[in-house]
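# Tertiary structure, described
Residue-level listing of the chains:
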Amino acid sequence: MRSNNPAMKEWLPPAARSLELTSGRRSSSFSVWVAVLLLNLMTAIPDGSLYGQSFMLSGTVKDGYTGAPLDSALVEIISTHDGRRDSAFTDATGEWRLVLATSVREESANMPSGFYVLPSFPNPYHPPTQLRFFTSRSGRVEIAVYNLLGQQLDALSADLDAGEYAVQWGGKGGRGILFYSISINGVGSTGKMIQLANGNSGLGKIVRNERLFRTGSLSKAVQLPYKFIASRFAYEPDTLVQNLTGDTRIDFVLDTVHRRALVIDLHNDVLEKVVRYNYQLGVRHLTNHSDIPRFRDGGVDVQLFSIWIDPTLGNPYQQALRFFDSLHVQIARNPRDLVQARTLEEIEKAQIEGKIAAIPVVEGGYSIENSLNKLKDLFARGARYMTITWNRSGDYGPDWAISADDPRSTTVGLSDFGRQVIQTMDSLGMLIDVSHTGIKTIEDILTVTRNPIIASHSGARALCDHTRNLYDDQIRQIANSGGVIGVVFYPYFLTGTRRATLNDVVRHIDYIAKLVGVDYVAIGSDFDGIEVTPTDLKDVSKFPLLTEALLKKGYSRAEVRKILGENFLRVFRQVCK
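Thresholds, definitions, all that
Residues numbered from 1 in each chain as written. Predicted model: local features only at pLDDT ≥ 70, side-chain atom pairs only at ≥ 80, totals over all residues. Heavy atoms only, no water. Salt bridge = Lys/Arg side-chain N within 4 Å of Asp/Glu carboxyl O. Helix = DSSP H or I, 4+ residues; strand = E, 2+ residues; numbered from the N terminus. Buried < 20%, exposed > 50% of the residue type's maximum accessible area, 1.4 Å probe, protein only. Contact = heavy atoms within 4.5 Å.

## Brief notes about the pattern of salt bridges
Inspection of the entire model under this criterion finds 26 salt bridges. Salt-bridge contacts for Glu236 lead to Arg561; the nearest nitrogen and oxygen are separated by 2.8 Å. Remark: Arg561 occurs in helix α16 (residues 557-575) and Glu236 occurs in the loop between β13 (224-231) and β14 (238-244); sequence separation between them is 325 residues. For Glu236, a relative accessible area of 9% translates into the label buried. For Arg561, a relative accessible area of 22% gives the class partly exposed. The residue Arg476 makes a salt bridge to Asp473 at a minimum N-O spacing of 3.0 Å. Note that Arg476 and Asp473 are positioned in helix α12 (residues 472-480) at a spacing of three residues, about one turn of the helix. Shared partners join several salt bridges into a network, and the residues in it are Glu95, Arg249 and Asp251.

Here it is as structure tokens:
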């Protein structure tokens, strides 16, 4: 069908007036409408009061760590003058392009002269959106909306005085690209809008607005400031403001939410492999779970390295010293990547220098061999938490605390010496870790300590009934102390079987967050201390997948940053002064 708005053609440039739209030629109809739109954007309105300009904007969006192009990234362009906006998505090569229509006006004593149509807002839109225009003279205004085939969806007309006006478009039909024309006395403009959902209410009433323009004059040569925002799922947005005077190219580099976050893993056992098998952290391996190249890929900023001594071998304190020495050797061999951190200031310094902060921790109170002086020595060497027990009590564990799998877990807790240990840790500024620790022992610890406590690598017992996991009351007790629970990745603690997925880790995080709040959850992978891992978290390089999964679950960027590291850092700051 032919366009049934004769006035529409009158204000178009001659090259566009002869174009006809036929319903039987869909592809040519689309081309005609694009041609009409672009010609209109680049052509002066007949009365000479408003001059159209068209700028070609383009650029790329790339990943800040890999340099890889990002497809489906959204680039929004917003006028800081009047709020007009448009947008474009990147293609498979990370490229984006947009023709932006701008305008300048001749000098005027108080307001623009002639006729001016503002872009619809919002656009794209879920119905409704607003069609807005200004006229400096009275006359017959005609408004119409068309689909890609040139078929009129709705129209209205009215006699209006000079002023600013808006009409609501409530949508009609399904999703797609629509075009609207607004003219007065045969002089007007056309625009494009993208409808994102079904609508059926069409055009509403024409309403007079408050003034859209400030009084005073504007020069034709004025520069037009625009805000550019690039964004993509799981990435932090990037924003810049730039004056546009012509075609412009802008390249964006986006960091993932994971890369911007401070990522702290509360528990990793790779030092045992370093000590026993001369495993080198500076080399990328195809076995085990951890090394510096994979820490880098995983965006790990702070790693707490467990010093776990097999209690059946004897002399645990001396063996623990070997672990410290081995860590120092690895740091010396990888000085650009790894540095030991004892304080918050040293963690921050490591971040500034782009190094991974290594914090040694002791897993199992038997390593102090019932000596407070040895406890103090391990702290002096840099240990910043001690897990009170491991899996055993008595002969192969501390005799001053009870482990979670001990039959006495609910009835026997700290001995008098055990209470001295807790008091000494408080005085040193050493975190108390209750993973592996018995129920009554945790209760006793909470009556002695003045500080928050942590469970460095545990799960929720309500989801998986294992002695290594925490009951709801225990989770509440840790949260009430101001501490955190680092959710473990071990499938047996997540599902009770050898099989678990990333979603099972998220399930435990989500359970704890809903029970006590997101401020009390952290991550404690137990990598290289477990023989099987979740299928999609096979090593430390896969931590970014956890971040994406949390974002998909509905956690905000701020909440994800808390879980990844900020929560533990809060506790570290409070205790390890």
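## With respect to the environment of Ile309
Relative to the helices and strands, Ile309 is located in the loop between β18 (302-308) and α7 (316-333). Given the relative accessible area of 0%, Ile309 is considered buried. The sequence separation of Ile309 and Tyr366 amounts to 57 residues, and the corresponding C-alpha distance is 8.9 Å. Those residues in contact with Ile309 that lie beyond four places of it in its chain are Pro316, Gln319, Ala320, Phe323, Tyr366 and Ser367.

## Notes on the environment of Glu443
In this fold, Glu443 is placed in helix α11 (residues 439-448). Along the sequence, Glu443 and Thr410 sit 33 residues apart, while their C-alpha atoms lie 9.6 Å from each other.

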